[in-house]
Amino acid sequence: MEIEKARLEADRLDKIEIEKARVEMEKAKMEEERVRAEKDRHDLLVREEANRKLQYDLEKLRLDAETKRQANTINTHVNPINIQTSPTDTQASSINTNNDTPVHRNENDNSHWLNKKMQPFKEATDSISDYLKRFEIKLTNCNVRESEWSQILLDLVQGQALTICQNHDHTIQDSYQILKKELLNAYGHNASTFRTKYYENTPSNQVEPQTTINLEKDYFSKWLGFEEIENTFEGLRNFILIDNFINKCH
């Protein structure tokens, strides 16, 4: 009799444990479904926000293109106005022109001038893209002719950039622009890199939606900067459609 009671008690306890385990599993399943639903809702909101932002940017491009088109249309119908220039105005214009004369430096003072105007490029910490932007702004503000830029840059770089500058022909036409493309491409600043970053920039629970959208805008703008597309709404639309088509074919 006692054995039977013990067996029944054991069965009862087993059933209780089984029921507890079932309840815990149900709770875990419900929590998993809740988290998944929350993530899906979050991802949907991010995509909707990104789509709204993209539509806004596209509409802005379209309006800008339309404004330029209308301005060009107006200009073609307006007769040019001849303005008589007074001697005083001519003299002032001459003075301003003289102020824009390119700066010619003594080669012996070149190193001192560079150190004063521009910090050297640090390969380990500097972004080549940002550095070249600062470089161009500095030299433009100092009225240095672009034909001198590539040789000036040679004294400011190191590492891989120095090797590229040393192997570059500084006597060719558009020397700096060609050298700039070589440097950007060597450090991964090209259309392919930013296109990949644009498509791989996915929402995350650890990142604010606006941060993700801002990154996407930045990658998209840099990507377009390396592509030769018409700066109009139609040009951008055609570019996106073609790229999406190619992307889906892979």
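From a predicted model like this one, the values you see are computed outputs, not experimental measurements.

Calculation notes
Residues numbered from 1 in each chain as written. Predicted model: local features only at pLDDT ≥ 70, side-chain atom pairs only at ≥ 80, totals over all residues. Heavy atoms only, no water. Helix = DSSP H or I, 4+ residues; strand = E, 2+ residues; numbered from the N terminus. Buried < 20%, exposed > 50% of the residue type's maximum accessible area, 1.4 Å probe, protein only. Contact = heavy atoms within 4.5 Å. Phe/Tyr/Trp six-rings, centres within 6.5 Å; stacked < 30°, edge-to-face > 60°. Polar contact = N/O pair within 3.5 Å; in protein donor to acceptor, adjacent residues only side chain to side chain. Axes fitted to C-alpha atoms, helices over the stretch in contact; angles between N-to-C directions. Parallel < 35°, antiparallel > 145°, perpendicular 65-115°, else oblique. Nonpolar A, V, L, I, M, F, W, Y, C, P; charged D, E, K, R; others polar. UniProt positions renumbered as here; feature names shortened; annotations may be inferred. Salt bridge = Lys/Arg side-chain N within 4 Å of Asp/Glu carboxyl O.

**Student:** Could you clarify how one ought to interpret the side chain of Ser-150 in this entry?
**Tutor:** In this fold, Ser-150 is placed in helix α5 (residues 149–154). We classify Ser-150 as buried; its relative accessible area is 1%. Beyond its immediate sequence surroundings of up to four residues, Ser-150 is in contact with His-170, Ser-175, Tyr-176 and Leu-179.

**Student:** What am I meant to see in unusual backbone geometry here?
**Tutor:** Glycine aside, the phi torsion of most residues is negative, and most peptide linkages are trans. Phi at Asn-143 takes a positive value of approximately 60°, unusual for a residue other than glycine. Of note, Asn-143 is situated in the loop between α4 (128–141) and α5.

**Student:** Where do I start with the packing of aromatic side chains in this structure?
**Tutor:** Two aromatic rings, taken as a pair, are described by how far apart their centres are and by the angle between their planes. Taken as a whole and judged by the stated rule, the model has 6 aromatic pairs. On the basis of an interplanar angle of 80° and a centroid distance of 5.2 Å, the ring pair of Trp-149 and Tyr-176 is categorised as edge-to-face. With Trp-149 in helix α5 and Tyr-176 in helix α7 (residues 175–186), the pair connects residues that are 27 residues apart, well separated along the chain. You can call Trp-149 buried: its relative accessible area is 7%. For Tyr-176, a relative accessible area of 1% gives the class buried. Counting every residue linked through ring pairs, the aromatic cluster contains Phe-121, Tyr-131 and Tyr-187.

**Student:** Sorry, what's going on with the environment of Tyr-176 here?
**Tutor:** Considered as a pair, Tyr-176 and Cys-165 are 11 residues apart in the sequence and their alpha carbons are 9.9 Å apart. Those residues within four positions of Tyr-176 in sequence are excluded, and the remaining contacts are Leu-132, Phe-135, Glu-136, Glu-146, Trp-149, Ser-150 and Leu-153. Of note is the side chain of Tyr-176, whose polar atom sits 2.7 Å from the side chain of Glu-136.

**Student:** Explain the packing of helix α9 (residues 209–225) against helix α10 (residues 233–249) to me, please; I cannot follow it from the model alone.
**Tutor:** To describe two helices that pack against each other, one gives the angle between their axes and the distance between the axes. Contact pair α9 / α10: the axes reach a minimum separation of 13 Å and the direction vectors enclose 100°. Compared by their axis directions, α9 and α10 come out roughly perpendicular. Residues Phe-220, Trp-223 and Leu-224 of α9 form the contact with α10, whose participating residues are Leu-236, Phe-239, Ile-240 and Asp-243. The class makeup of the residues in the contact of α9 with α10 is 6 nonpolar, no polar and 1 charged.

**Student:** Can you walk me through the UniProt feature "coiled-coil region" (unreviewed entry) in the chain in this structure?
**Tutor:** Taking the UniProt record as the reference, the feature "coiled-coil region" (unreviewed entry) is found at residues 13–47. Secondary structure over residues 13–47 splits into 100% helix and 0% strand, and the C-alpha atoms at its two ends are 51 Å apart.

**Student:** Before we go on, may I ask you to explain the pattern of salt bridges in this structure?
**Tutor:** Any two side chains of opposite charge can pair, so long as their charged atoms come close to each other. In this structure the tally under the stated criterion is 6 salt bridges. The closest approach of N and O atoms between Arg-34 and Glu-31, which form a salt bridge, is 2.7 Å. Taken together, the positions of Arg-34 and Glu-31, both in helix α1 (residues 2–77) and 3 residues apart, correspond to about one turn of that helix. Between Arg-36 and Glu-32 there is a salt bridge, with its nearest N and O atoms 3.0 Å apart. On the criterion of helical spacing, the pair formed by Arg-36 and Glu-32 is a turn pair, its members being 4 residues apart in helix α1. Here Arg-36 falls in the partly exposed class, since its relative accessible area comes to 43%.

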